[in-house]
Amino acid sequence: MSNVTAFLGGSLIGGLPNWVLVLLIAVCVFGGIFERWGVWLTEHGRIARSRCDEKIASHRADELQDRLMNLEARMGQQAATMPKELHPIVARLDKSTDQINKAATYLADINIEEAAERSFRAAMPSMESTRGLSKLEKNIAQTTGRTIREKLSEIRPALSILKQEAPRLKADAAKLHDIDAKFNQSVRQVNDQFKEFEAIMRSEDRATIASRASIVVPWLIALIIMTIALSGVFLNFFLIERPMSEIVGEGARIAGVGLPTFAALIVIFLEFVTGVILMDALGFTRLIPAFESMSDKGKKILAVIAFIFLGAFSVLEVTLSMVREEIIETQQETSRIASASLISPSLTTPRDTPDAAATPENGNPAQEVRKQGLAKATIAQIILAAIIPWLLAAAALPLETIIRSSVFMVSIASSYLLLTLGFICRSIGAPSQTIGRLFGGGSKNTDREDEKAAKAEERAARKQTKKNKKDDDEGQGSQREDDLMVFEELPQDDVQSNRRDKRQRELKSA
Amino acid sequence: MIRRMVLGAAGLLLAGALAACGLVTSTNRSVFVVFDVSGTYVKAVPTATKYANMMIAELQPGDWVGASQISACSFSEKEMILQKQLPQTPSLASAAKRELFDEFANYAAQVKSAKFTDIRGAIAQAAFELKQRPEQARYIVLFTDMVEDMGKGCDTSAVKLDLTGIHVIAANVIKSNPGNPDEYFALLTKWEKTITDAGGTWNLVSSPDQLPKLVTEGR
């Protein structure tokens with residue numbers, strides 16, 4: 001062993017360390033293996049990447065599908081409420097139109113010229129009896145004025161109707177316009193989403209589709225929210241850890257963790273799980289697969305149960321926070337008695353100590369202030385304890401995004417890792433193989449091996465194609481969980497055909 | 001599917017049972033307090049009980065407390081003052097601690113002096129009591145001047161002590177002869193050797209706040 005180490009540490013050729021020499025020889029000898037590893041890793045890296053793209057695209061399609069469903073539901077609600085909104089508007093429009101029609105007819109029937117003429121003729125007898133021109137004028141003016149006033153008094157109701165109905169018509173028109181705009185917006189949204197959905201479903205360029213879906217940004221946002229929620233968990237933990245000892249007792253340790261601490265952690269986990277169930281049952285998340293196939297009634301029942309449980313947890317935490325304050329108070333009092341006995345001439349009991357004897361009734365201001373402070377702290381703890389279980393439940397919302405995005409990110413990273421390793425292996429393998437051929441003269445053997453490998457790969461590819469066809473034939477009747485699964489086979493076929501072509505080109509060039 | 005679920009549940013139960021068997025441990029401790037009532041120390045007993053109170057105030061729920069006194073013939077049940085296990089819940093434990101304070105106060109108020117000082121017998125009695133306890137952490141707290149004075153009728157100087165797994169803490173060790181510090185230090189060294197030879201650990205506490213830390217936190 002020491003000889004080998006000494007040899008590796010030494011140098012035979014011009015200062016070049018022996019281990020480098022050994023490495024170079026090893027690379028030259030095993031270059032072919034590196035080359036094959038490189039090809040294998042690159043292919044699998046590409047397959048992994050295409051599968052990852054497929055999954056991301058499918059997830060995006062799922063998201064869009066959900067959004068479409070939501071929009072559809074919203075439009076359905078709009079459609080349901082539309083008759084209620086439209087019926088009064090239409091009734092008012094009918095009424096207004098009728099009124100305006102009547103007023104317009106009446107106004108159209110009025111003949112002012114005839115009225116003026118009639119008034120003039122009515123004034124004629126008095127003209128004959130009166131010779132004075134001024135009196136004549138006065139008479140005509142009075143008669144005309146009276147006649148016109150009479151006519152105007154008849155017109156006035158019609159005019160007031162017009163005055164009233166015009167703003168109503170305007171308001172109704174505005175409402176109709178709003179409804180139209182809302183509906184059009186919903187339609188536009190549905191169309192846009194549907195276009196994208198169609199593009200995802202039909203497009204064969206999965207990489208482009210996948211690149212459109214953002215993974216990192218939602219992941220980061222979810223992570224921030226989750227971190228905030230986790231800080232709430234810590235707060236909650238410290239709030240309930242001590243009073244838990246009143247329920248489970250102290251003195252035992254489970255895996256090095258104190259029993260009250262363990263119990264507090266369990267309560268927090270239970271709250272979180274209840275929150276996850278609630279969010280899943282309400283349809284906000286899809287973390288639990290069982291909910292996918294559950295009926296709406298079942299989901300509602302579970303949501304109600306989870307809600308009740310969360311309420312119970314909230315009550316439990318409020319109680320514990322109150323107990324916590326009592327425990328701290330008692331423990332502090334006990335320690336104080338023990339410490340006070342050292343300086344007190346009489347030994348222990350609280351009644352003997354001057355501080356303990358000073359009750360608020362005696363008017364000790366320090367004690368009074370302390371009690372008030374404790375009461376405020378207890379109220380703050382109670383509020384916090386009541387809120388935190390619900391906040392923990394809300395923490396389930398970003399969990400789904402974190403898990404899904406993390407899976408995608410790991411998949412992408414691993415595919416890139418495979419590709420990088422493949423590149424490195426090929427970079428090492430290709431030149432070393434060439435050097436090996438030059439010096440070793442074993443090109444014929446290598447070519448033969450390559451041919452054999454190519455033939456074996458072709459056979460494997462043919463088998464795979466047959467198997468795929470068979471699977472397709474058999475799988476037509478069976479249900480597929482994901483519609484997008486059909487796309488999964490396309491890239492694999494492409495990859496296999498590409499592989500064959502490439503291999504053939506390599507063989508020709510060799 | 002159901003088979004898998006059943007298998008999974010069985011596996012979980014098994015893992016839980018294994019974990020419960022091996023991973024659940026107790027943190028409770030048993031503490032035995034010994035007061036010296038010989039003529040040279042009996043006046044310091046009230047102070048010693050106050051030190052003991054401070055230590056008891058810091059004990060955890062579920063801990064066990066025993067007390068006895070060093071007299072002419074200490075290896076005896078007659079010298080036992082009290083034995084009490086604190087309840088598991090903090091509020092009840094606090095109440096029990098206060099009862100212990102009262103018991104110590106009553107004891108200090110009516111303590112009577114003894115003619116001889118059988119420290120070894122008291123340690124043997126304390127060790128015997130502690131060995132009966134299930135708690136893993138065991139402490140003997142000695143409130144004495146460490147000056148032994150055996151009577152003729154009860155000589156325990158040849159008794160072999162077994163203090164394996166027991167921490168012995170000497171607290172409030174007063175100087176019986178202030179003019180001779182060497183004697184005091186030699187006495188302490190002798191007792192330390194005796195305790196460590198018997199398999200125990202030795203600690204000397206001079207200030208009252210050190211004792212609770214040593215017992216509850218081990219430092």
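Residues numbered from 1 in each chain as written. Chains lettered and ligands numbered in written order. Predicted model: local features only at pLDDT ≥ 70, side-chain atom pairs only at ≥ 80, totals over all residues.

Attention shifts here to the sheet that holds strand β6 (residues 166-171) of chain B. Residues and elements named next belong to chain B. An order of β4-β3-β2-β5-β6-β7 is seen for the 6 strands of this open sheet, with the pairing classed as mixed. With one partner strand each, in any of the chains shown, β4 (80-85) and β7 (201-205) form the two edges of the open sheet. Across this sheet, the average inter-strand angle for adjacent strands is 15°, counted without regard to direction. Pairing between β6 and β7: 5 bridges, direction parallel. Paired with A171 across the bridge in β7 is V205. In this fold helix α5 (residues 181-197) packs onto β6 and β7, with an angle of close to 150° to the strand it touches most, β7. (Pairing = 2+ DSSP bridges. Helix = DSSP H or I, 4+ residues; strand = E, 2+ residues; numbered from the N terminus. Axes fitted to C-alpha atoms, helices over the stretch in contact; angles between N-to-C directions. Contact = placed C-beta atoms within 7 Å.)

So, about the pairing of β6 of chain B. Residue and element names in this part refer to chain B. The buried fraction of β6 is high, at 6 of 6 residues. A two-sided burial pattern is seen for β6, the buried positions comprising I166, V168 and A170 on one face and H167, I169 and A171 on the other. After leaving β6, the chain enters α5 and then returns to the sheet as β7, a path that is right-handed. (Buried ≥ 20, exposed ≤ 12 C-beta atoms within 10 Å, placed from the backbone. Right-handed = clockwise from strand over helix to strand, strands pointing away.)

Moving on to the confidence of the model for chain B. A low pLDDT score tells you not to read the predicted coordinates there in detail. Overall, the predicted model of chain B reaches an average pLDDT of 86, with 89% of residues at or above 70. The ipTM value of the predicted complex is 0.77, and its pTM value is 0.60. (pLDDT = per-residue confidence, 0-100.)

Now for the sheet that holds strand β4 (residues 257-258) of chain A. Across the sheet, which stays open at both edges, the 3 strands sit in the order β4(A)-β3(A)-β1(B) with antiparallel pairing between neighbours. If you trace the sheet from one side to the other, it starts and ends with β4 of chain A together with β1 (24-26) of chain B, each paired once. Two elements, strand β3 (residues 252-254) of chain A and β4 of chain A, share 2 bridges in a ladder whose sense is antiparallel. Bridge pairing in β4 of chain A places I254 of chain A opposite V257 of chain A.

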